Amino acid sequence: MITHNHCSTYSLAISYKEGDASLQDKSMALAKIMGLPHIPPSRQKEFNSLLVYTENGLRIQLKHDRAIKKPQVLQVDFLSNALNYRRQHGGGLKQALARAVGIKPGVRPHILDATAGLGKDSFLFASLGCKVTMLERSPILAALLQDGLERAALSREIGETIIAQLSFIQCDAITHMMSADRNKKPDSIYLDPMYPQSNKSALNKLEMRIIREFVGDDMDSDALLLAALDYSGKRVIVKRPKGACVLADIPPSHSITMKNSRYDVYMNTGGS
Ligand SMILES: C[S@@+](CC[C@H](N)C(=O)[O-])C[C@H]1O[C@@H](n2cnc3c(N)ncnc32)[C@H](O)[C@@H]1O
């Protein structure tokens, strides 16, 4: 049974869309792995939160969202218009995130994305030509991510080019980095942990609110940075909201500042 690292008030069950026996089989298998109740479509109304298999993949359905008070849905979709647009018009090698992780002409670092979430940043790194290892500890996010990867791997457009660059491990990144093979260090380690809710967070993007509902705040981000600095090849990059303090009181080598957030970059001058 997989345990959930965040104590939340939601009731969560796993279900499927009526009419396709394979969806029922998949949802039963996931419920067993996650140790969650498996319910038929007729009982979905009884639950606030559901992981539902549909013909278009696995998705989270929330009955209501406190802030906007209507049902909300979230899934990992590497073929979405939004990701496609970001890939094609995001600024290529010049964009802040690409520069922060060390992508430049002729240089494509191997990146460890230690807080993969919905995999959006990893997808960007891979679309710019980097090999990416994604880590995610939340079993719910991991199930969504795995499902998104499996569907996108079948795509003619991005399957063999972008998705093939991504590998995924469900684990706690601190434990992983502390026990990983030091002869196979990634060049760059990227950290984008959840940060404690502020008043402004009511305005945050819907998907971040839904993720927060399941994952909570990542209260061990200081320890995550320390483990990353210890394991890093060339650099560690931390995404922080604008005005937030640096993690673990450790000043970065430099920061790249954007409108609402910044990347704190820690260069490994030891070059190990
Ligand atoms: C803000 S989201 C990341 C969003 C991601 N950058 C994207 O592009 O979709 C933070 C994620 O990091 C994960 N996380 C935080 N600390 C972690 C750790 N120590 N190990 C693995 N995952 C972690 C959380 O479960 C959450 O899903």
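Every residue gets a number counted from 1 within its own chain, in the order that chain's sequence is written. Only residues with pLDDT of 70 or above have their local features reported here, since the model is predicted, and side-chain atom pairs are shown and tallied only from 80 upward, although totals for entire chains, interfaces and linings are computed over all residues.

Peer 1: With reference to specific residues and values, describe the nonpolar core.
Peer 2: In this description, a nonpolar core means buried residues of the types Ala, Val, Leu, Ile, Met, Phe, Trp, Tyr and Cys, linked to one another by C-beta atoms lying within 7 Å. Three classes are used. A residue is buried when 20 or more other C-beta atoms lie within 10 Å of its own, exposed when 12 or fewer do, and partly exposed in between, with C-beta atoms placed from the backbone. Within the largest apolar cluster, 64 residues are counted, with the highest numbers of intra-cluster contacts made by L51, A114, L191 and A228. In terms of residue count, helix α5 (residues 139–153) provides more of this core than any other element does, seven residues in total. Taken domain by domain, this core gets at least three of its residues from each of domain 1 (12–74) and domain 2 (81–267). By definition, residue pairs are in contact when their C-beta atoms, positioned from the backbone, come within 7 Å. If near-sequence neighbours (up to four positions away) are discounted, L51 is found in contact with L12, I14, L30, L58, I60, I140 and A143. We count a stretch as a helix when DSSP gives it H or I for four or more residues in a row; a strand needs E for two or more, and each element gets its number in order from the N terminus. How far each domain reaches was decided by an automatic or database domain assignment.

Peer 1: Help me get a handle on helix α7 (residues 206–215), residues and values and all.
Peer 2: When α7 is considered as a whole, its buried residues turn out to be R209, I211, E213, F214 and V215. Residues of α7 that are buried in the fold lie against β3 (57–62) and α5. The positive-phi residue at the C-terminal boundary of α7 is G216, with phi of around 75 degrees.

Peer 1: Explain the pairing of strand β6 (residues 132–136) to me, using residue names and the numbers behind them.
Peer 2: Of all the five residues making up β6, five are buried; the element is thus mostly covered by neighbouring parts of the structure. Side chains of β6 alternate between two faces, with V132, M134 and E136 and T133 and L135 buried alike. By definition, two strands form a pair when at least two bridges between them are found by DSSP. Relative to β6, strand β5 (residues 111–113) runs parallel, the two being bridged by three bridges. The residue bridging L112 from the neighbouring strand is T133, located in β6. We call a crossover right-handed when, viewed with both strands directed away from the observer, the connection leading from the first strand over the helix to the second proceeds clockwise. After leaving β5, the chain enters helix α4 (residues 120–127) and then returns to the sheet as β6, a path that is right-handed. Summarising the sheet, β6 and strand β7 (residues 166–170) pair through five bridges and their orientation is parallel. Opposite V132, over in β7, you have L166 as the bridge partner. On the question of chirality, the crossover connecting β6 to the parallel β7 by way of α5 is right-handed.

Peer 1: Explain the site of the ligand to me, and be specific about the residues and the numbers.
Peer 2: In the vicinity of the ligand, 22 residues are found, and the nearest of them are T115, G117, K120, R137 and A173. Put simply, the parts of the chain that give the shell around the ligand at least two residues each are α4, β6, α6 (173–179) and α7. Partitioning the shell around the ligand into residue classes produces 11 nonpolar, four polar and seven charged. Using the backbone to place each C-beta atom, any residue with that atom within 6 Å of a molecule or strand is considered near it. The classification used treats Ala, Val, Leu, Ile, Met, Phe, Trp, Tyr, Cys and Pro as nonpolar, Asp, Glu, Lys and Arg as charged, and all other residues, Gly among them, as polar.

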